[in-house]
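Listed here are the chains, written in short residue letters.
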Amino acid sequence: MADFKAFEISSAGMALEKLRLDLAAMNIANMNTATRIGEGYHPRHIETSLIGQTGFEDFMQSLDVSQLVAVREGETRQVYEPSHPLANQDGMVEYPDIKPLTEMMTLMTAIRSYEANARAFNASKLLVDEALKLGK
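Criteria and cut-off values
- Residues numbered from 1 in each chain as written.
- Predicted model: local features only at pLDDT ≥ 70, side-chain atom pairs only at ≥ 80, totals over all residues.
- Heavy atoms only, no water.
- Helix = DSSP H or I, 4+ residues; strand = E, 2+ residues; numbered from the N terminus.
- Contact = heavy atoms within 4.5 Å.
- Expected span 1.5 Å × (residues − 1).
- Buried < 20%, exposed > 50% of the residue type's maximum accessible area, 1.4 Å probe, protein only.
- Axes fitted to C-alpha atoms, helices over the stretch in contact; angles between N-to-C directions.
- Parallel < 35°, antiparallel > 145°, perpendicular 65-115°, else oblique.
- Left-handed = near helix turned anticlockwise from the far one by under 90°.
- Salt bridge = Lys/Arg side-chain N within 4 Å of Asp/Glu carboxyl O.

Chemist: Even after reading the chapter, I still don't get the side chain of asparagine 117, so can you show me in this structure?
Modeler: Relative to the helices and strands, asparagine 117 is located in helix α5 (residues 100–134). With residues near it in sequence (within four places) discarded, asparagine 117 still touches Ile9, Ser10, Gly13, Met14 and Glu17.

Here it is as structure tokens:
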């Protein structure tokens, strides 16, 4: 049978979008988590510039999402809350610098991209099924 690259491409796309969904959900879950300075949750985002640095042939050969993307940590913000139990001697508490609107947009685009990859996978499956019926 012919090479099944279409399935591999769609699967790699779905794996990437699942990672984006997981990270955005984790960021939203930890959005209001207060911690001591230096001990806080750092928001996590996918660094997709690695995909653009690899050539198309390299992408087609590996199709390993873990090699093509990196997860980077974002910034935190300090808030003056002297009455907070985790405040330091200066009254500062650390929160992750997460923008809920940005995270919701990430969730929505990741869901749409995942659905598009799933549709492409199913279309490829249908084409293979039809080709096998013709070969009988």
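Moving on, there is more to tell.
Chemist: How should I be thinking about α5 in this particular structure?
Modeler: Side chains three or four residues apart in an α-helix point the same way, a direct result of the helix having 3.6 residues per turn. In a regular helix each residue adds 1.5 Å, so 35 residues correspond to 51 Å; α5 covers 51 Å between its end C-alpha atoms and thus fits that length. All buried positions along α5 are accounted for by Glu103, Leu107, Ala110, Asn117, Ser124 and Val128. Lining the buried residues of α5 we find α1 (5–29) and β1 (44–47).

Chemist: Help me understand the environment of histidine 84, please; the structure alone is not making it clear to me.
Modeler: Tracing the backbone shows histidine 84 in the loop between β3 (76–80) and β4 (92–96). The sequence separation of histidine 84 and alanine 34 amounts to 50 residues, and the corresponding C-alpha distance is 9.0 Å. Non-local contacts of histidine 84, meaning those with residues more than four positions away in its chain, are made with Ala34, Val93 and Tyr95.

Chemist: Would you take a moment to explain the packing of α1 against α5 for this structure?
Modeler: Helices that pack against each other are described as a pair by the angle of their axes relative to one another and the distance between those axes. Across the interface, α1 lies against α5 with an axial gap of 8 Å and an inter-helix angle of 160°. In terms of their interaxial angle, α1 and α5 are classed as roughly antiparallel. Crossing of α1 against α5: the hand is left-handed.

Chemist: It is not clear to me how the pattern of salt bridges should be interpreted in this structure. Could you clarify?
Modeler: Side chains that differ in charge, positive against negative, can pair when their charged atoms come close. One pass over the structure, following the stated rule, counts seven salt bridges. We note a salt bridge from glutamate 130 to lysine 133, for which the minimum N-O separation is 3.6 Å. With glutamate 130 and lysine 133 both in helix α5, this residue pair falls three residues apart, about one helical turn. Residue class for glutamate 130 comes out partly exposed when judged on its relative accessible area of 38%.

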